Each structure stands twice: as C-alpha cells, then as structure tokens.
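The lines below spell out each chain.
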Amino acid sequence: SANKSFYKKFMVDKEETEGKLLFDLGNKQWNITKLREVLNDIFSKNSSFENFEVTHTFSGIGERIMLLNAHLIIQKTNSEQLILLAIEDITDRSRYYLKEKYSLSLIEASLDPLTTINNEGKITDMNRATVNITGLSREKLKGSDFFGYFTEPEKARAIYKEVFARGFITNSPLKLRHKSGKLTDVLLNGSVYKDD
C-alpha cells in the first residue's frame, strides 16, 4: 500500500500501485538500481537504512532528489515481512543549498571587503578581503563592532543608520584601519537585506 502523498507526488493511483512490484510502477520509473540493491539488503540482512539519497528523473515531474528511509516490519495478522519506505523530496532544499553555496563563492571571490552587519552594528559574516584589509581573523571579526575599524567610528555609525533608514547608501568616504595602523581610503556602500 501507499499513502495519498505518494500517489499525488508520483502521479500514480491506488489501482496502479497496490499489489504491483515497486520497480514496475509508472512504466518502470522506480527501477532504480541503487534502490533495488539497498531494499534487497533489508530482507537478506534484516537491516534498515536512513537518509539514503537518490537522484532520479521521473516523467511528468522531472528530476527529483529524495531522501529514503526504510526498515523491516512484521505484519501481525500473518507474520508477513514488509518494508516501510519513507520518501522525503528534498529537491528544492538541495537546489537552494547549491544556489546559496554558489552565491557564497562569488562573495568570497570579491576583491572588495564585503561584510554583513546586524541591526546592532555587530559583524555577522565577512569575506577574505575583509580579513586582509583589517589584518584580523574571521573569528575575531565575527561579533565585533563594525564601527571600531574606522578612524571616524561615529561617522561610520551615522552612515550605517542611514542604510537602515533608506534601505541603501552609496559611495560614502571613510578611512579603514588595519591592525598594524595602516589606513585605507574606502567608499562604503550598503543595502538592507532580509534572510528567510
């Protein structure tokens, strides 16, 4: 048997599913070699598996990335061995993660110092260029006061407040101090963004 979510997600109905071999469902779309192997192992080795990731293309719904969990159960009425297979579609989550990873690699590749600051003025994240221009490690920068790295902290604070008030600011001149004392003229650009 299967639940309604399975029927809806994989575009099959009860009549096409019950009593049929899993690997024959939907014109043999479930005939996935890796899945066949791990399911056979459950019966032969009396085992189970958790978070087994499978990427497969189904007609009608396209490529899906699924997390499969399975374990052996015994049906009480006739002591029949069954496999309970739970399928979680993680396609959107995986694609979001890859997109986020790609965005982070672009930020890291930037030669300009890029920093995220919370509404209390504390640094929450930064790229390598920020580490280079301040001479401080990521660990020391994270959670520290953003304004303290400028020769005019109050001017930097006023610019930061303007970003939150207007949503953005462009090309505000400031001087940034390296831990060695070296000063760098910078143009501060900022914009507000909201996470999930």
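So, here is what we can say about the structure in this document. Keep in mind it's a predicted model, so treat the numbers as computed, not measured.

Before going further, it helps to examine the pattern of salt bridges. Per the stated rule, a full pass over the model turns up nine salt bridges. Note that Arg-157 is salt-bridged to Asp-145, the shortest N-O span being 3.8 Å. In this pair, Arg-157 is assigned in helix 8 (residues 153-166) and Asp-145 in the loop between helix 7 (138-141) and helix 8, connecting sequence segments 12 residues apart. A relative accessible area of 27% places Arg-157 in the partly exposed class. Overall, the relative accessible area of 31% leaves Asp-145 in the partly exposed class. One salt bridge connects Lys-175 with Asp-185, and the closest N-O pair in it is separated by 2.7 Å. Of the two residues, Lys-175 is situated in strand 6 (residues 168-177) and Asp-185 in strand 7 (residues 183-191); the sequence distance between them amounts to 10 residues.

All right, on to helix 4 (residues 33-45) then. The first and last C-alpha atoms of helix 4 sit 18 Å apart over 13 residues, in line with the 18 Å expected at 1.5 Å per residue. Turning to helix 4, its buried residues number three or more, namely Leu-35, Val-38, Leu-39 and Ile-42. On an axial view of helix 4, the arc spanned by its buried residues comes to 100 degrees, and they lie on one face. Opposite the buried face of helix 4, by more than 90 degrees, sit the exposed residues Thr-33, Ser-44 and Lys-45. Those residues of helix 4 hidden inside the fold are in contact with strand 1 (48-58), strand 2 (62-74) and strand 3 (81-89). Positive backbone phi, approximately 50 degrees, marks Asn-46, located one or two places after helix 4.

Relative to the assigned elements, Ser-94 resides in helix 5 (residues 91-109). Taking the C-alpha atoms as reference points, Ser-94 and Asp-125, separated by 31 residues in sequence, lie 22 Å from one another.

Here we come to helix 8. Between its first and last C-alpha, helix 8 extends 20 Å over 14 residues, near the 20 Å set by a 1.5 Å rise per residue. Inspection of helix 8 places Ala-156, Ile-159, Tyr-160 and Val-163 among the buried residues, and these make up the whole buried set. Taken end-on, helix 8 shows its buried residues confined to a sector of 100 degrees, consistent with a single buried face. Those residues of helix 8 that are exposed and angled more than 90 degrees off the buried face are Glu-154, Lys-161 and Ala-165. Packed against the buried residues of helix 8 are strand 4 (115-117), strand 6 and strand 7. Positive phi shows up at Gly-167, right after helix 8, with a value of about 100 degrees.

Procedures and definitions
- Counting starts from 1 at the beginning of each chain's written sequence and moves along it residue by residue.
- Residues qualify for local features only when their pLDDT is at least 70, as the model is predicted, and side-chain atom pairs are given and counted only at 80 or more; totals for whole chains, interfaces and linings, by contrast, use all residues.
- As a rule here, side-chain values come from all non-hydrogen atoms in the structure, and water together with hydrogens is ignored.
- Between Lys or Arg on one side and Asp or Glu on the other, a salt bridge is scored when a side-chain nitrogen of the former is within 4 Å of a carboxyl oxygen of the latter.
- Put simply, DSSP marks the helices as runs of H or I at least four residues long and the strands as runs of E at least two long, and each gets a number from the N terminus on.
- Here the term buried applies to any residue with accessible area under 20% of the maximum for its type, exposed to any over 50%, and partly exposed to those in between, with areas from a 1.4 Å probe on protein chains only.
- Under the convention used throughout, the expected extent of a helix is 1.5 Å for every residue step, that is, one less than its residue count.
- The directions considered for the arc are those from the helix axis to the C-beta atoms.
- Note on contacts: a residue pair qualifies if any of its non-hydrogen atoms lie within 4.5 Å across the two residues.

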